[in-house]
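Take a look at the letters that make up each chain.
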Amino acid sequence: MATKWNLDPTHSEITFKVKHMMISNVKGSFRDFNAEIDSEDDTFQNATTIATIQTGSVFTNNTDRDNHLKSEEFFNAEQHPTITFESKALNNTVTGNLTINGITKPVTLDVDFGGINKDPWGNTKAGFSFEGKINRKDFGLNWNAALEAGGVMVSDEVKVAGELQFVKQA
């Protein structure tokens, strides 16, 4: 019998980093997302994962850039309000189908299982960290601008990472 684990959003984050102007990185996050895990046991070896991110919740600490990311040139948040990730196995890596901008591709992420512990209120919690890289152009996020000195404004490679804590459901 599978056990359901629901995301604890107050102790979780999803972030990204992308090279800007070929010289530095811009960091961002998504402020509104949810995830759940169904597992046969506390090893999570054959667990299924479903995660949903609200594209309109993208945050880079710059309103103009955030609005550009929500526009048709990037996430097209009005037409594609969510990013989803679904997987069927969770080990030291997780491979699943990532859907951004209506385009679905397989993606593999490195996973670090932090363990299981009880909080002071008796809730059983599990912690995971993940990181990986995607090519934004694989998902139709093609906007760019050539730089006068050579190179482009935004790299194709995007580093993604997260710290996720889940609560075991009774």
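Notes on the structure in this doc start here. Numbering of residues starts from 1 in every chain and runs along the sequence as written. It should be noted that, the model being predicted, local features are given only for residues of pLDDT at least 70 and side-chain atom pairs only at 80 or more, the latter also being counted only at that level, while totals for whole chains, interfaces and linings use all residues. Side-chain measures here rest on the full set of heavy atoms in the structure, leaving out hydrogens and waters.

**Some points on the overall build of the protein chain**
And step 1. Numbered from the N terminus, helices here are DSSP runs of H or I no shorter than four residues, and strands are runs of E no shorter than two. Regarding its fold elements, the protein chain presents one helix and 11 strands.
And step 2. For the protein chain, the α and β elements follow one another from N to C terminus as β-β-β-β-β-β-α-β-β-β-β-β.
And step 3. Here the globule rule reads 2.2 Å times residues to the power 0.38, and the radius of gyration is calculated from C-alpha atoms. In summary, the protein chain has a C-alpha radius of gyration of 17 Å against a globular reference of 15 Å for 170 residues, a match within 12%.
And step 4. Split into buried and exposed, the 170 residues of the protein chain put 38% on the buried side.
And step 5. Contact between two residues is taken to exist if any of their heavy atoms lie within 4.5 Å; hydrogens are not considered. By sequence separation, contacts in the protein chain at least 24 residues apart represent 57% of the contacts at least 6 residues apart.
And step 6. Throughout, the Shrake-Rupley method with a 1.4 Å probe supplies accessible areas, and for residues the shown protein chains are the sole cover considered. Accessible surface for the protein chain amounts to roughly 9900 Å². Of this, 48% is attributable to carbon and sulfur atoms. With a 1.4 Å probe rolled over the protein chains alone, any residue whose accessible area is under 20% of its type maximum counts as buried; one over 50% counts as exposed, and the rest are partly exposed.

**As for the packing of aromatic side chains**
And step 1. Pairs were defined over the aromatic rings of Phe, Tyr and Trp, the Trp ring being its six-membered one, requiring ring centres within 6.5 Å. Orientation was assigned from the angle between planes: stacked under 30 degrees, edge-to-face over 60, tilted for the rest. By the definition in use, this model includes eight aromatic pairs.
And step 2. Judged by centre distance (5.6 Å) and plane angle (50°), the ring pair of F16 and F30 falls under tilted. With F16 in strand 2 (residues 13–20) and F30 in strand 3 (residues 24–30), the pair connects residues that are 14 residues apart, well separated along the chain.
And step 3. For F16, a relative accessible area of 11% translates into the label buried.
And step 4. What makes F30 buried here is its relative accessible area of 9%.
And step 5. One aromatic cluster in this structure is built from W5, F44, F113, F128 and F166.
And step 6. Here, a charge over a ring means that NZ of Lys or CZ of Arg falls within 6 Å of the ring centre while also lying within 35 degrees of the ring normal. It is R31 that lies over the ring of F59; its NZ or CZ is 3.5 Å from the centre.

**With respect to the environment of L7**
And step 1. Relative to the assigned elements, L7 resides in strand 1 (residues 3–7).
And step 2. The sequence separation of L7 and I53 amounts to 46 residues, and the corresponding C-alpha distance is 12 Å.
And step 3. Sequence-distant contacts of L7, defined by excluding residues within four places in its chain, comprise S12, F33, N34, A35, L164, Q165 and F166.

**Observations concerning the side chain of T99**
And step 1. Summarising the element assignment, T99 is placed in strand 8 (residues 93–100).
And step 2. A polar contact of 2.6 Å, which involves the side chain of T99, links it to the side chain of T104.
And step 3. Not counting residues up to four positions away in its chain, the partners in contact with T99 are T82, I83, T84 and T104. Counted as a polar contact is a pair of N or O atoms within 3.5 Å, where, for protein atoms, one must be capable of donating a hydrogen and the other of accepting one, and residues adjacent in sequence contribute only when both atoms are in side chains.

**Describing the side chain of T3**
And step 1. Within the fold, T3 resides in strand 1.
And step 2. Discounting residues that sit within four places of it in the chain, T3 has contacts with I37, D38, S39, K168 and Q169.

**Observations regarding the pattern of salt bridges**
And step 1. The salt bridge criterion pairs a side-chain nitrogen of Lys or Arg with a carboxyl oxygen of Asp or Glu, the two atoms within 4 Å. Enumeration according to the criterion identifies six salt bridges in this entry.
And step 2. With a shortest N-O distance of 3.6 Å, D156 and K137 are connected by a salt bridge. Taken as a pair, D156 in strand 11 (residues 154–168) and K137 in the loop between strand 10 (124–135) and strand 11 lie far apart in primary sequence, 19 residues in all.
And step 3. Overall, D156 belongs to the partly exposed group, its relative accessible area being 28%.
And step 4. Residue K137 is classed as partly exposed on the basis of its relative accessible area of 38%.

**Details of the pairing of strand 2**
And step 1. As judged from the seven bridges shared by strand 2 and strand 11, these two strands associate in the antiparallel manner. Looking at strand 11, one finds that K17 is bridged to K159.
And step 2. DSSP calls a pair of strands paired once it identifies at least 2 bridges connecting them. Here strand 2 runs beside strand 3; their pairing, made up of seven bridges, is antiparallel. Its bridge partner being in strand 3, V18 is matched across the sheet by V26.
And step 3. Hairpin geometry of strand 2 and strand 3 is characterised by an intervening segment of three residues between the two adjacent antiparallel strands and by a positive phi of about 60° at M21.

As far as function goes, none of this settles anything; it's purely spatial.
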